[in-house]
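Coordinate inspection notes
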Amino acid sequence: MSGGAPAVFLDRDGVLVDETGYLTRVEDLRLFPGAGSAVRRLHALGYPVVVVTNQSAVARGMVSMAGLEEIHSALRAQLGQDDARLDGLYLCPHHPEAPLPEWRQDCDCRKPRPGMLVRAARELGLALDARSVLVGDQQTDLECARRAGISALLVRTGKGESTARTVAEGSGIIGICDSIADVPDVLRSWAGRHWGVTT
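These numbers were taken from a predicted model, which means no experiment stands behind them.

1. Looking at the environment of Leu154
On the secondary structure map, Leu154 appears in strand S5 (residues 151–155). Measuring from C-alpha to C-alpha, the distance between Leu154 and Ile173 comes to 7.3 Å, with 19 residues separating the pair along the chain. In this view, Leu154 contacts Gly136, Asp137, Gln138, Leu142, Gly160, Thr163, Ala164, Val167, Ile173, Gly175, Ile176 and Cys177; residues no more than four positions away in its chain are not counted.

2. Regarding the state of the cysteines
Enumeration according to the criterion identifies zero disulfides in this entry. Its sulfur unpaired, Cys92 is 3.3 Å from the next cysteine sulfur, which belongs to Cys109. Relative accessible area serves as the criterion here: at 0%, Cys92 is assigned to the buried category.

3. Focus: the pattern of salt bridges
When the charged atoms of two side chains with opposite charge come close together, those side chains can pair. One pass over the full model with this rule turns up 15 salt bridges. When the shortest N-O distance is used, the salt bridge between Asp141 and Lys111 registers 2.9 Å. Highlighted residues: Asp141 in helix H4 (residues 139–148) and Lys111 in the loop between strand S3 (88–92) and helix H3 (115–124), separated in sequence by 30 residues. Assessed through its relative accessible area of 2%, Asp141 is described here as buried. When its relative accessible area of 4% is taken as the criterion, Lys111 is described as buried. Among the ionic pairs, Asp178 bridges to Arg156, the shortest N-O distance being 3.8 Å.

4. A short note on the pairing of S3
Put simply, side chains in a regular strand alternate between the two faces of the sheet. For S3, a buried count of four out of five residues is recorded, marking the element as mostly surrounded by other parts of the structure. Examined bridge by bridge, strand S2 (residues 49–54) and S3 share five bridges and lie parallel to one another. If you follow Val50 over to S3, its bridge partner there is Gly88. Of the crossover connections in this fold, the one passing from S2 over helix H2 (residues 65–80) to the parallel S3 is right-handed.

5. Section: the sheet that holds S3
The sheet built from six strands is open, its strands ordered S3-S2-S1-S4-S5-S6 with parallel pairing. Across the chains shown, the open sheet's two edge strands, defined by having one partner strand only, are S3 and strand S6 (173–177). Direction aside, neighbouring strands of the sheet carry axes that sit 20° apart on average. One ladder, built from three bridges, connects strand S1 (residues 8–10) with S2; its direction is parallel. Bridge pairing in S2 links Phe9 to Val50. Here H3 sits on the sheet in contact with S1, S2 and S3, set at roughly 150° to S3.

6. Brief notes about the pairing of strand S4 (residues 133–136)
The two faces of S4 match: Val133 and Val135 on one face and Leu134 and Gly136 on the other face are all buried. Where S1 and S4 come together, three bridges link them in parallel fashion. Across the sheet, the residue bridging to Val8 is Val133, located in S4. Judged from the four bridges that link them, S4 and S5 form a sheet pairing that is parallel. Residue Val133 lies in a different strand from S5, and its bridge partner there is Ser151. Between S4 and its parallel partner S5, the chain crosses via H4, and the hand of that crossover is right-handed.

7. Let's talk about unusual backbone geometry
Cis rather than trans, the peptide bond between Lys111 and Pro112 has omega equal to 20°. Mapped onto the elements of the fold, Pro112 is located in the loop between S3 and H3. For Asp83, which is not a glycine, the phi torsion comes out positive at approximately 55°. Along the chain, Asp83 turns up in the loop between H2 and S3.

Conventions adopted
- Residues numbered from 1 in each chain as written.
- Predicted model: local features only at pLDDT ≥ 70, side-chain atom pairs only at ≥ 80, totals over all residues.
- Heavy atoms only, no water.
- Helix = DSSP H or I, 4+ residues; strand = E, 2+ residues; numbered from the N terminus.
- Contact = heavy atoms within 4.5 Å.
- Disulfide = S-S within 2.5 Å.
- Buried < 20%, exposed > 50% of the residue type's maximum accessible area, 1.4 Å probe, protein only.
- Salt bridge = Lys/Arg side-chain N within 4 Å of Asp/Glu carboxyl O.
- Pairing = 2+ DSSP bridges.
- Right-handed = clockwise from strand over helix to strand, strands pointing away.
- Axes fitted to C-alpha atoms, helices over the stretch in contact; angles between N-to-C directions.

As structure tokens, then:
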């Protein structure tokens, strides 16, 4: 799906915020250092920024959708303290073996399937081609990017350090960053080399 604006899709846990297992309480929400600044700088480079996150804690009965919305409102507020904003936030609350039957689905939105990205692209006018990038810390993120037809960037935070050890050379990722704070500089350099974008 090309023709829209190139975008940056961010996984939430382990990329934007600290990996806590299952984030079910607002008080446990912690942005990584430099996360707000990174989102603001990505916007300055011209990228819409969209979070795409698997949240099976809903399907497991650990947090309600209302509770998750509270967490995401707090996330937006914390980003706002750095004059940063999200253009969209898409989540998958399902799990194929969920204890709660209303969320028990083998859906197309749970990563590594690309349903959240497809929906975001359709609703926000974004490009699903090699100019767009999914930033993640797990193999499911990298595979989701591959299935969506976009580029992938790995961070070492969250589960990224162990993922980096299993990523084969030539696997298609555009790079490995220490954290989200490094992502804008990496993308600016990469876009300049590949697409002639230098802003």
